[in-house]
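Below, each chain spelled out in residue letters.
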Amino acid sequence: MDVDCLNCEHEHLPNLRCPLSSSLLLPPLLLSSLLLLLSLLLFSLPFSLPLASTLMVIASSLQFLLSSLLLLVLATPLAWWLARSQAWWKRPVDAVVALPLVLPPSVLGFYLLLLFAPATALGRFWQQLTGSQLAFSFSALVIGSVIYSLPFVVQPLQSAFQQVPRGLLQAAATLGA
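Residues numbered from 1 in each chain as written. Predicted model: local features only at pLDDT ≥ 70, side-chain atom pairs only at ≥ 80, totals over all residues. Heavy atoms only, no water.

### Focus: the confidence of the model for the protein chain
How we decide: pLDDT expresses how confident the predictor is about each individual residue, on a scale running from 0 to 100. Runs of E in the DSSP output that reach at least two residues are strands. Runs of H or I that reach at least four are helices, and both are numbered from the N terminus. Pairs of residues are marked as contacts when any of their non-hydrogen atoms sit within 4.5 Å.
Chain-level statistics for the protein chain give a pLDDT mean of 79 and a share of 72% at 70 or above. Within the protein chain, no element has a lower average pLDDT than strand 1 (residues 3-4), which sits at 45, and none a higher one than helix 3 (residues 90-102), at 93. Counting contacts from residues 1-5, a segment whose pLDDT is below 50, to residues more than four positions away or on other chains yields 15 contacts. Overall, residues 18-22 carries pLDDT values under 50, and its contacts beyond four positions in sequence, including any with other chains, amount to nine contacts.

Given below as structure tokens:
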């Protein structure tokens, strides 16, 4: 049964937010605006800044791109699992995902330094894998950015996945989706 949306002129399923008035449209709009700004800066910067500054802007943009791609790959399945799972360890995982929201960035960075120190198992594994230490490297920036941004991606996606009725998912599965 379709119902009219109060915020627009189209019809959609009951108990679902209108996709055109949803707050989920805001992040893609902000991201596309940021990418447009970055592309304008990248095309104009080589003519006004020294090479070292231009390379720093390009490295920062690359870090932003890699972090976004990793967040997309990691956060989407995690949010789906958190929205649909009934496992007893769902709550501890949800708490760990939300941890960057309550920890100051400096404390989070300190804990990551301790976690990936060369004397720890993760630090030794990284050093054997890459041949270099993780601390203060470009890879560390990407990992720190992903961990810090994880709750800002997982929680909205989890909320959106929870709003999809199970009956709709079951109907889609019977149709081969």
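### A short note on the nonpolar core
Keep this limit in mind: The definition of a nonpolar core used throughout is a set of buried Ala, Val, Leu, Ile, Met, Phe, Trp, Tyr and Cys residues joined through side-chain atoms within 4.5 Å. Only protein chains enter the accessibility calculation, which uses a 1.4 Å probe. A residue is then buried if its area is under 20% of the maximum for its type, exposed if over 50%, and partly exposed in between.
Counting residues in each nonpolar core, the largest one holds eleven residues, listed as L71, A75, A79, L82, A83, V97, V142, V146, L150, V154 and F161. Every element with two or more residues in this core is listed here: helix 2 (51-84) and helix 6 (138-163). Setting aside residues up to four positions removed in sequence, V97 forms contacts with L78, L150, P151 and V154. Membership of the second largest hydrophobic core comes to six residues, among which are L103, L108, L112 and W126.

### A closer look at the layout of surface pockets
To be explicit about the condition: Of the grid points, spaced at 1 Å and generated over the protein atoms alone, those admitting a 1.4 Å probe that cannot get out make up cavities, while open sets with protein on both sides within 12 Å along at least five of seven lines make up pockets; any residue with an atom within 4 Å of a point is treated as lining. Grid points are joined across faces, edges and corners, and a volume is the space filled by probe spheres set on the points.
Here the second largest pocket defines a volume of roughly 340 Å³. If you trace the second largest pocket, you find 16 residues lining it, with G109, L112, L113, A140 and G144 closest to the centre. Among the elements of the structure, helix 4 (105-115) and helix 6 are those that each provide at least two residues to the lining of the second largest pocket.

### Quick notes on helix 6
Using the following cut-off: What a helix is expected to span follows from its residue count: subtract one and scale by 1.5 Å. Here the bend at each residue means the angle between axes fitted to two seven-residue stretches, the one ending at that residue and the one beginning there.
The terminal C-alpha atoms of helix 6 lie 37 Å apart, and with 26 residues this matches the ideal 38 Å at 1.5 Å per residue to within 8%. At S149, helix 6 shows its largest bend, some 45°, and a proline, P151, comes one to four positions later. Turning to helix 6, its buried residues number three or more, namely V142, G144, S145, V146, S149, L150, P151, V154, Q158 and F161.

### Examining a nonpolar patch on the surface
Just so we agree on the cut-off: Residues enter a patch when their relative accessible area is above 30% and they make no salt bridge; the linking distance is 9 Å between like charges and 5 Å between nonpolar side chains (Val, Leu, Ile, Met, Phe, Trp, Tyr). Per-residue and other accessible areas were derived by the Shrake-Rupley procedure at a 1.4 Å probe size, with only the shown protein chains allowed to occlude residues. Should a side-chain nitrogen of Lys or Arg be within 4 Å of a carboxyl oxygen of Asp or Glu, the pair is scored as a salt bridge.
Where nonpolar side chains cluster on the molecular surface, the patch consists of L62, L65, L66, L69, F138 and L141 and spans about 510 Å² of accessible area. Elements represented by at least two residues in the nonpolar patch include exactly helix 2 and helix 6. When you line up the elements, F138 lands in helix 6. Looking at F138, the relative accessible area reads 32%, which means it is partly exposed.

### Here we look at the environment of S61
Note that S61 resides in helix 2. Judged by its relative accessible area of 14%, S61 is buried. As for S61 and L35, which are separated by 26 residues in sequence, their C-alpha atoms are 9.1 Å apart.

### Digging into the packing of helix 3 against helix 6
Applied cut-off: Axis geometry follows a simple rule: fit a line to the C-alpha atoms, using only the stretch in contact for helices, then measure angles between N-to-C directions, giving values from 0 to 180 degrees. Working definition: roughly parallel below 35 degrees, roughly antiparallel above 145 degrees, roughly perpendicular at 65 to 115 degrees, and oblique for all remaining angles. The hand of a helix crossing depends on one turn: near helix anticlockwise from the far one by less than a right angle means left-handed, and clockwise means right-handed.
Look at helix 3 against helix 6: their axes get within 6 Å of each other, and the N-to-C directions meet at 130°. In terms of their interaxial angle, helix 3 and helix 6 are classed as oblique. Of the two possible hands of crossing, helix 3 and helix 6 adopt the one that is left-handed. Only I147, Y148, L150, P151, F152, V154, Q155, Q158 and Q162 of helix 6 make contact with helix 3, whose side of the interface consists of K90, D94, V97, A98, P100 and L101.

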